[in-house]
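Chain by chain, the residues run as shown.
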Amino acid sequence: MNLFNYKNINRRWFSSIRVKFVIVYVLVNIIALQLIGLFFTAQLRTSNINNFEQNIIEQEKILNYHIREELDKDDKKNDNEERVVGATNGDSIKIEGDVASVNAKSGIAKLISEFNIQKLLSVSIIDNNSKIVASSSKNRNDEYLAKRSFDPLVSQVLKTGESAKKIQNNVELGKRVWIYVSPIKQGNKIIGVVSLMADIESVYQDVNGITKIFIIGTVLSILITTIIGFVASKTVTSSIEKMSSQVKKMAAGNYGTVVGIDTNDEIGDLAKVFNKISKRIEEEQAVTETERRKLATIIESMMDGIITTDNNGRIILINTSAEDMIGARDEEIFIGKDALKILNITEYEHIGDIIEAEDSLLVNTSKTDESLLLRAEFSKIVKEEKENLMQMSTELEGYIIVLYDVTDQERQEKERREFVSTVSHELRTPLTTMNSYIEALEEGVINDKELAPQFIDTIHKETNRMIRMVNELMQLGKMDIKEEHYEKEFIDINKLIEQISDRFELTHPEKNFIKHTSKIPIFVEGDQDKLTQVFDNIMNNAIKYSPNGKNITIRVRQNYNHNRVNISIKDEGVGIPLVHIDKIFNRFYRVDKSRQRSMGGTGLGLALAKNIIEAHKGRIWAQSREGYGTIIFVTLPCERIDDEWL
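Only a predicted model underlies this, so the values are computations on that prediction, with no experimental measurement involved.

Concerning the overall build of the protein
Next up, step 1: Across its full length, the protein carries 15 helices and 20 strands.
Next up, step 2: Relative to its full complement of 646 residues, the protein shows a buried share of 37%.
Next up, step 3: Considering only intrachain contacts with a sequence separation of at least 6, the fraction spanning at least 24 residues in the protein is 59%.
Next up, step 4: Total accessible area on the protein is roughly 40000 Å²; 52% of this is exposed by carbon and sulfur atoms.

Considering the pairing of strand S6 (residues 175–186)
Both faces of the sheet carry side chains from a regular strand, because those side chains alternate between them.
Next up, step 1: Of all twelve residues that make up S6, nine are buried, and the element is covered over most of its length.
Next up, step 2: Bridge analysis of strand S5 (residues 164–170) against S6 gives seven bridges, and the strand direction is antiparallel. Looking at S6, one finds that Ile167 is bridged to Trp178.
Next up, step 3: Examined bridge by bridge, S6 and strand S7 (residues 189–199) share ten bridges and lie antiparallel to one another. Opposite Gln186, over in S7, you have Lys189 as the bridge partner.
Next up, step 4: In textbook terms, the turn of a hairpin is the stretch between consecutive antiparallel strands, and for S6 and S7 this stretch comprises two residues, one of which, Gly187, has a positive phi near 75°.

Quick word on the packing of aromatic side chains
What describes a pair of aromatic rings is the distance from one ring centre to the other and the angle between the planes of the rings.
Next up, step 1: As enumerated under the stated definition, the model contains four aromatic pairs in all.
Next up, step 2: Between Phe52 and Trp178 the ring centres are 6.0 Å apart and the planes differ by 75°, which places this aromatic pair in the edge-to-face class. Of this pair, Phe52 sits in helix H2 (residues 17–77) while Trp178 sits in strand S6, and the two are 126 residues apart along the sequence. Here the two residues Phe52 and Trp178 agree in accessibility, since each one is buried.
Next up, step 3: On the basis of an interplanar angle of 15° and a centroid distance of 5.5 Å, the ring pair of Trp178 and Tyr180 is categorised as stacked. Accessibility classification places Trp178 together with Tyr180 in one group, the buried group.
Next up, step 4: Chaining the aromatic ring pairs together yields one cluster made of Phe52, Trp178 and Tyr180.
Next up, step 5: If you follow Arg619 out to its NZ or CZ, it ends over the ring of Trp621, 4.2 Å from the centre.

Focus on the nonpolar core
If you look at soluble globular proteins, the nonpolar side chains tend to sit buried side by side.
Next up, step 1: Counting 37 residues, the largest nonpolar core has Ile493, Phe535, Ile538, Met539 and Val565 as the members making the most contacts within it.
Next up, step 2: Listing elements by their share of this core, those giving two or more residues are helix H12 (493–507), strand S15 (522–527), helix H13 (528–545), strand S16 (551–559), strand S17 (564–570), helix H15 (605–615), strand S18 (619–625) and strand S19 (629–637).
Next up, step 3: Ranked by residue count, the leading element in this core is H13, at seven residues.
Next up, step 4: Beyond its immediate sequence surroundings of up to four residues, Ile538 is in contact with Ile569, Leu606, Ile620, Ile632 and Val634.
Next up, step 5: Grouped together as the second largest cluster of nonpolar side chains are 26 residues, Phe115, Ile184, Val194 and Tyr204 included.

Some thoughts on H15
Next up, step 1: All buried positions along H15 are accounted for by Gly605, Leu606, Ala607, Leu608, Ala609, Ile612 and Ile613.
Next up, step 2: Positioned one or two residues after H15, Lys617 has a phi angle of 65°, which is positive.

So, the side chain of Asp199
Next up, step 1: Inspection of the secondary structure puts Asp199 in strand S7.
Next up, step 2: Here Lys175 takes part through its side chain, which lies 3.0 Å from a polar atom of the side chain of Asp199.
Next up, step 3: At 3.1 Å, the side chain of Asp199 and the backbone nitrogen of Glu201 are in polar contact.
Next up, step 4: Apart from the residues within four sequence positions on either side, Asp199 is in contact with Phe52, Lys119, Leu121, Lys175 and Arg176.

So, the packing of H13 against H15
Next up, step 1: Taken N-terminus to C-terminus, the directions of H13 and H15 make an angle of 145°; their axes are 9 Å apart at the nearest point. Judged by the sense of rotation from one axis to the other, the crossing of H13 with H15 is left-handed. Where H13 abuts H15, its residues Lys530, Leu531, Gln533, Val534, Asn537, Ile538 and Asn541 lie against Gly605, Leu606, Leu608, Ala609, Ile612 and Ile613.

Calculation rules
- Residues numbered from 1 in each chain as written.
- Predicted model: local features only at pLDDT ≥ 70, side-chain atom pairs only at ≥ 80, totals over all residues.
- Heavy atoms only, no water.
- Helix = DSSP H or I, 4+ residues; strand = E, 2+ residues; numbered from the N terminus.
- Buried < 20%, exposed > 50% of the residue type's maximum accessible area, 1.4 Å probe, protein only.
- Contact = heavy atoms within 4.5 Å.
- Areas by Shrake-Rupley, 256 points an atom, 1.4 Å probe, with all protein chains shown as cover.
- Pairing = 2+ DSSP bridges.
- Phe/Tyr/Trp six-rings, centres within 6.5 Å; stacked < 30°, edge-to-face > 60°.
- Lys NZ or Arg CZ within 6 Å of the ring centre and 35° of its normal.
- Core = buried A, V, L, I, M, F, W, Y, C linked by side-chain atoms within 4.5 Å.
- Polar contact = N/O pair within 3.5 Å; in protein donor to acceptor, adjacent residues only side chain to side chain.
- Axes fitted to C-alpha atoms, helices over the stretch in contact; angles between N-to-C directions.
- Left-handed = near helix turned anticlockwise from the far one by under 90°.

Spelled out as structure tokens, the structure:
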């Protein structure tokens, strides 16, 4: 496992619901325990300090009472004597301007020495002049007594007459101490104060000890809570993990059910609903997949090209027919490409512009010399959404382009136009000639013994030419609608070719006929008149385009392996340019129209020959080289009959 996967797993683990659940659960417990602990320790500390202070204050009250009694006894004893303050010794308390007796001081000292409270560090009695009269820690040190106390708390109590307390750090002792100063009153007069100092550090230590115990308990509680949290979260998240795992399988196409969740709680109900949804999705997916396969099969089997694009005109689907029409190269990818560029449409920038201007376009996507014309029809793919009960909104999702191969239709339409134009021209020319000659005869040429026969002969020839052309057109029309009738019989093709060539040899002695035929009969099942018409046309063309003295070569050969007979008629005329070779069998097609008309002919002979040969299950084609002549080949199915059957 690499570092990247490790980091992803850690990140995934920390972001899981189980960890989040445990973290929240533990944090709630920590916060609750901390709040409880803070409140408990604060209350405990306050309670212990209050108890500590209250206990000392109560004992101080008793001490204060006994000090006042001791002073009262001394007052009664010396009631008639003049009280003088021994200022020089500093060993008496001045009460109402008088000085306490030695007996009073010793009594107070005795009280202080006997005043023993736990945690008490020292007790001092200070008169109203801030002089120390007695002290539990310094009571045997005469130098300490009668000195002034500079404690601000003592001065405050002497002024206000109210008790005061504070907690401070004692540097000498190295711990916190509690100081309490209480006034000693005689009537309404303050005659001194009692200053107590107690060790309160132990109280804080007791609280700290309890706090430590609470912290340890909190840590143990957090550990136990974490374990319980993981166990509790696992019971909840395991079901969610199972459903999550099944969702991932669904995303991969595996529509199963969630197993292992049999609880009757909300998770169990969710699992049951999830299983129903999964089953429903599986059924719908199966139907959708079936429909998709059907649609894909239909689209792929269509002869028309189908292209689907997004709303930007980028191809997202294209069938095989469309690729073939476009002229796709091996492994060429069209997905994601601009459809208009693929179709060589440059006059528009977007398909939407085409739809607004016209529904279809005639495009040429040929990458070779062979022209391929396509009719491209464009339509929108829109998604309808219902905004409210009264209004529908549409959103453009893409376009569909349907391609039709109209090469043959366009070619046929072009041929039809050319055919009509040619027929019109071919009929108009002799009719014009005849009309001119007839008008000349009407104007008196008929009385001219020299011109009249020539005009009549020309009219007769043009009439025969038109009749022949009309007959050939009628014959071609019958062939087109399969109504031409053939009287087929077995014909010796050698004998038929010899008869035709002999006839032309007699009528055209200026030509040299070279014949290569077999003495063995080669029988072809066909209509003798129709085949004679074919070879008459071919021979007539060879004679017309061959100069005098040139050879016309006729060959008849049998292919025994395929039971075919091959006939070729070769002239040594001007030849046919290579670009015209495949078109000379079209109706009215002429390589040189002016020369064709000067030599006569209707331009239908080779077209008739092609239809007749194909009706005999044969084939006709031409080879030529310009300036060297032309060869017309005819192949027909044949049967060879041995001599014993003759």
